[in-house]
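Chain by chain, the residues run as shown.
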Amino acid sequence: MSNEKIPYKIYLSEDELPKQWYNVRADMKKKPAPLLNPATLKPVTPEELSAVFCDELVKQELDETTPYIDIPEEILGFYKMYRPSPLVRAYCLEKALGTPAKIYYKFEGNNTSGSHKLNSAIAQAYYAKKQGLTGVTTETGAGQWGTALSMACSYFDLDCKVYMVKVSYEQKPFRREVMRTYGASVTPSPSMTTEVGRKILEEFPDTNGSLGCAISEAVEAATSNDGYRYVLGSVLSQVLLHQTVIGLETKTAMDKYGIKPDIIIGCAGGGSNLGGLIAPFMGEKLRGEADYRIIAVEPASCPSLTRGVYAYDFCDTGKVCPLQKMYTLGSGFMPSANHAGGLRYHGMSAILSELYDQKLMEAVSVEQTAVFEAAQKFARVEGILPAPESSHAIKTAIDEALKCKETGEEKTILFGLTGTGYFDMYAYAAYNDGKMGDYIPSDEELKKATDKLPHID
Ligand SMILES: *Cc1c(COP(=O)(O)O)cnc(C)c1O
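Residues numbered from 1 in each chain as written. Predicted model: local features only at pLDDT ≥ 70, side-chain atom pairs only at ≥ 80, totals over all residues. Heavy atoms only, no water.

I'm lost on the pattern of salt bridges in this one. Help?
Between side chains of opposite charge, a pair can form as their charged atoms come close. Applying the stated criterion across every chain yields a total of 24 salt bridges. The salt bridge partner of Glu 108 is Arg 83, with a shortest N-O separation of 2.7 Å. Remark: Arg 83 occurs in the loop between α3 (73–82) and β4 (87–89) and Glu 108 occurs in the loop between β5 (102–107) and α5 (118–130); sequence separation between them is 25 residues. The pair Glu 108 / Arg 83 is uniform in exposure class, with both members buried. Asp 424 serves as the salt-bridge partner of Lys 172, at 2.9 Å between the closest nitrogen and oxygen. Of the two residues, Lys 172 sits in the loop between α7 (166–171) and α8 (173–181) while Asp 424 sits in the loop between β15 (412–417) and α18 (425–432), which places them 252 residues apart along the sequence. Owing to a relative accessible area of 5%, Asp 424 belongs among the buried residues under this scheme. Linked through salt bridges whose partners overlap, the residues forming this network are Arg 83, Lys 106, Glu 108 and Glu 249. (Salt bridge = Lys/Arg side-chain N within 4 Å of Asp/Glu carboxyl O. Helix = DSSP H or I, 4+ residues; strand = E, 2+ residues; numbered from the N terminus. Buried < 20%, exposed > 50% of the residue type's maximum accessible area, 1.4 Å probe, protein only.)

Structure, rendered in structure tokens:
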């Protein structure tokens with residue numbers, strides 16, 4: 001089909017919203033390794049998991065065989081407030097780059113939380129409510145997940161306790177206030193409200209906190225309060241499942257116009273948006289129906305896929321969560337202090353780790369000043385102020401488009417624009433003031449953290 005016929009924005013109708021999530025594990029011949037109980041090192045049982053997670057989510061987490069799972073009506077009703085999200089043809093960016101490539105992005109920033117995280121938050125809150133729980137606990141780093149969850153919990157009238165990494169709590173007061181406006185309680189982590197928090201504070205009184213530590217606190221708060229469960233915004237297979245609405249909508253929109261992407265690009269923190277975007281395309285690849293180049297983009301300062309090891313590791317600092325086999329930098333790894341671009345989790349989704357290990361997916365790492373340069377270029381021509389996380393994907397999409405300019409190839413590039421960057425203006429300020437630096441950890445530094453990995457085969 002010719003370029004002229006493809007609109008700047010491809011919108012689907014409400015009726016075209018996916019009615020089912022797609023479970024890519026069903027099509028994987030070799031499945032991700034099972035989660036292990038940290039105490040026994042045996043595969044976790046549903047009973048053990050249900051002390052921490054909601055029953056229905058435990059079922060989804062452990063389900064490797066059901067390809068399609070119905071999206072309940074109540075969740076679809078909420079999705080309709082902000083979905084389907086637009087698939088945008090980046091005509092303006094293509095022109096600015098002078099590339100023959102056709103660039104598309106799926107924009108997930110069109111909701112108050114400002115990112116794709118709401119797609120899973122609403123599902124997790126729904127299942128918690130359905131189980132008759134009082135509330136949920138969680139951690140948040142930059143704040144997008146906490147914001148999304150607080151919106152979802154207020155919709156279903158659930159209590160929401162958020163442990164927010166201390167440095168973000170202090171540096172992102174507006175995120176905190178959005179969460180409180182939706183009724184969540186927000187505690188800077190590490191805190192004195194949990195045993196694990198008190199222990200960490202005793203050992204490191206001046207710590208800025210970390211995601212791994214906030215996770216441990218949130219899990220403890222869930223298991224020590226009746227009627228509470230813990231919910232997580234990325235990494236887990238259930239979260240990737242919910243995020244497949246992104247990819248399913250994209251596939252429907254592209255099929256409508258006969259568009260087939262050659263390259264699919266997404267930023268990768270814990271892997272949920274990328275896993276969701278690529279799911280139906282990866283399904284075709286796994287079933288041998290089509291082929292796509294799929295690229296995960298991560299920060300050079302937190303390079304779990306490109307420089308990590310594929311091994312069982314703890315998902316949190318306090319070592320209370322199940323162990324997961326994944327590409328990891330070690331649960332003790334902390335990105336350098338000048339790291340500003342998000343995507344700072346030490347590990348990667350088990351599904352994506354396994355797909356990457358099977359070479360069904362590639363990964364690249366990019367430095368943060370280049371990421372912000374790409375963000376600025378994109379904002380100036382496409383109008384949207386992108387989240388730093390999303391800008392990792394923008395950077396690689398631009399790189400691929402510029403390669404097409406050299407070779408004259410008219411490739412179709414699709415990337416996930418996961419969110420907006422309005423709460424990241426300190427990072428943008430650092431970039432605008434020329435004060436942003438790059439940091440690439442040395443092999444010795446990485447080895448320090450991976451040396452401490454638990455030894456499990
Ligand atoms: C959380 C977040 C990410 C990274 O998380 P994934 O689970 O890897 O998708 C990317 N972009 C935005 C805007 C986010 O909020």
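Text resumes after the structure shown.
Please explain the site of the ligand as it appears in this structure.
By nearness alone, 17 residues border the ligand, and Lys 117, Ser 234, Ser 272, Asn 273 and Thr 418 come closest of all. At a separation of 2.5 Å, an oxygen atom of the ligand approaches a polar side-chain atom of Lys 117. A distance of 3.3 Å separates an oxygen atom of the ligand from a polar side-chain atom of Gln 144. When the ligand is considered free in solution it has 380 Å² of accessible area, and contact with the protein chains removes 94% of it. Within the shell around the ligand, the residues separate by chemical class into four nonpolar, eleven polar and two charged. (Near = heavy atom within 4 Å. Polar contact = N/O pair within 3.5 Å; in protein donor to acceptor, adjacent residues only side chain to side chain. Areas by Shrake-Rupley, 256 points an atom, 1.4 Å probe, with all protein chains shown as cover. Nonpolar A, V, L, I, M, F, W, Y, C, P; charged D, E, K, R; others polar.)

What's the story with the domain arrangement of the protein chain in this structure? I'm lost.
How big an interface is tends to be expressed through the accessible area that disappears when the partners come together. Along its sequence, the protein chain is carved into domain 1 (3–17 + 83–114 + 238–450) and domain 2 (20–70 + 117–233). Placing a centre on the C-alpha atoms of domain 1 and another on those of domain 2 gives a separation of 22 Å. Among the residues of domain 1 in contact with domain 2, Gln 238, His 242 and Phe 423 are the three that bury the most area, contributing 18% of the side total. Along the contact surface separating domain 1 from domain 2 lie three salt bridges. Where the side of domain 1 that touches domain 2 is concerned, the elements lending two or more residues are α11 (237–242), α12 (244–256), α13 (272–286), β12 (309–314), β13 (323–328) and α15 (350–357). Ranked by the residues each element gives to the side of domain 1 that touches domain 2, the list is headed by α13, at six residues. The residue inventory of the side of domain 1 that touches domain 2, partitioned by class, reads 23 nonpolar, 13 polar and nine charged. (Domains from an automatic or database assignment. Buried area = accessible area lost by both parts, 1.4 Å probe.)

Before we go on, may I ask you to explain the pairing of strand β10 (residues 263–267) in this structure?
As a general feature of sheets, a regular strand has side chains that alternate between the two faces. The element β10 is extensively covered by neighbouring structure, given that five of its five residues are classed as buried. Because side chains alternate across β10, one face comprises the buried residues Ile 263, Ile 265 and Cys 267, and the other comprises Ile 264 and Gly 266, equally buried. Looking at chain direction, β10 and β15 are connected through three bridges and run parallel. Along β15, the bridge assignment pairs Ile 264 with Leu 414. (Pairing = 2+ DSSP bridges.)

Is there a simple way to explain the side chain of Thr 137 in this structure?
Among the secondary structure elements, Thr 137 is positioned in strand β6 (residues 135–140). At 2.7 Å, the side chain of Thr 137 forms a polar contact with the backbone oxygen of Ala 218. For Thr 137, the contacting residues outside a window of four places in its chain are Lys 161, Ala 218, Val 219, Ala 221, Ala 222, Tyr 228, Arg 229, Tyr 230 and Val 231. (Contact = heavy atoms within 4.5 Å.)

Before we go on, may I ask you to explain the sheet that holds strand β8 (residues 185–189) in this structure?
The strand order β8-β7-β6-β9 describes an open sheet built from four strands, whose pairing is parallel. Two strands in the sheet have a free side with no partner beyond their single neighbour: β8 and β9 (228–230). Averaged over neighbouring strand pairs, the angle between their axes works out to 25° when direction is ignored. Alignment of β6 against β9, held across three bridges, turns out to be parallel. Residue pairing for β9: Thr 137 is matched across the bridge by Tyr 230. (Axes fitted to C-alpha atoms, helices over the stretch in contact; angles between N-to-C directions.)

Where do I start with the nonpolar core in this structure?
Core analysis: the largest hydrophobic core is formed by 78 residues, its most contacted members being Trp 21, Ile 75, Tyr 79, Met 282 and Met 361. When residues of this core are assigned to domains, at least three map to each of domain 1 (3–17 + 83–114 + 238–450) and domain 2 (20–70 + 117–233). Excluding its chain neighbours within four sequence positions, the residues that come into contact with Tyr 79 are Leu 17, Trp 21, Ile 71, Asn 119, Ile 122, His 242 and Val 245. One finds Leu 93, Phe 107, Ile 384 and Ala 401 within the second-largest nonpolar core, a separate group that totals 26 residues. (Core = buried A, V, L, I, M, F, W, Y, C linked by side-chain atoms within 4.5 Å.)

Looking at this model, I keep getting lost on the packing of α12 against α13. Mind explaining?
The axes of two packed helices give the description: the angle between them and the distance between them. Interaxial distance between α12 and α13 falls to 6 Å at its minimum, and their mutual angle equals 50°. With respect to α13, the axis of α12 lies oblique. The handedness of the crossing between α12 and α13 is right-handed. Note on element contacts: α13 touches α12 through Asn 273, Gly 276, Leu 277, Ala 279, Pro 280, Phe 281 and Glu 284, opposite Thr 244, Ile 246, Gly 247, Leu 248, Thr 250, Lys 251 and Met 254. Across the contact of α12 with α13, the residue classes break down as seven nonpolar, five polar and two charged. (Parallel < 35°, antiparallel > 145°, perpendicular 65-115°, else oblique. Left-handed = near helix turned anticlockwise from the far one by under 90°.)

Would you mind showing me how to read helix α17 (residues 388–407) here?
Every α-helical turn comprises 3.6 residues, leaving residues that sit three or four positions apart pointing alike. Under the 1.5 Å per step criterion, the end-to-end length of α17 is 29 Å for 20 residues, consistent within 8% with the ideal 28 Å. Burial within α17 is extensive, with 14 of its 20 residues counted as buried. Gly 408, located one to two residues past α17, shows a positive phi value of around 80°. (Expected span 1.5 Å × (residues − 1).)

Would you mind showing me how to read helix α10 (residues 211–223) here?
The end-to-end C-alpha separation of α10 is 18 Å, in line with the 18 Å expected for 13 residues at 1.5 Å each. Within α10, ten of the 13 residues are buried, which leaves it mostly tucked inside the rest of the structure. All of the buried residues in α10 are Gly 212, Cys 213, Ala 214, Ile 215, Ser 216, Glu 217, Ala 218, Val 219, Ala 221 and Ala 222. Contacts made by the buried residues of α10 are with β6, β7 (159–165), β8, α9 (195–203) and β9.

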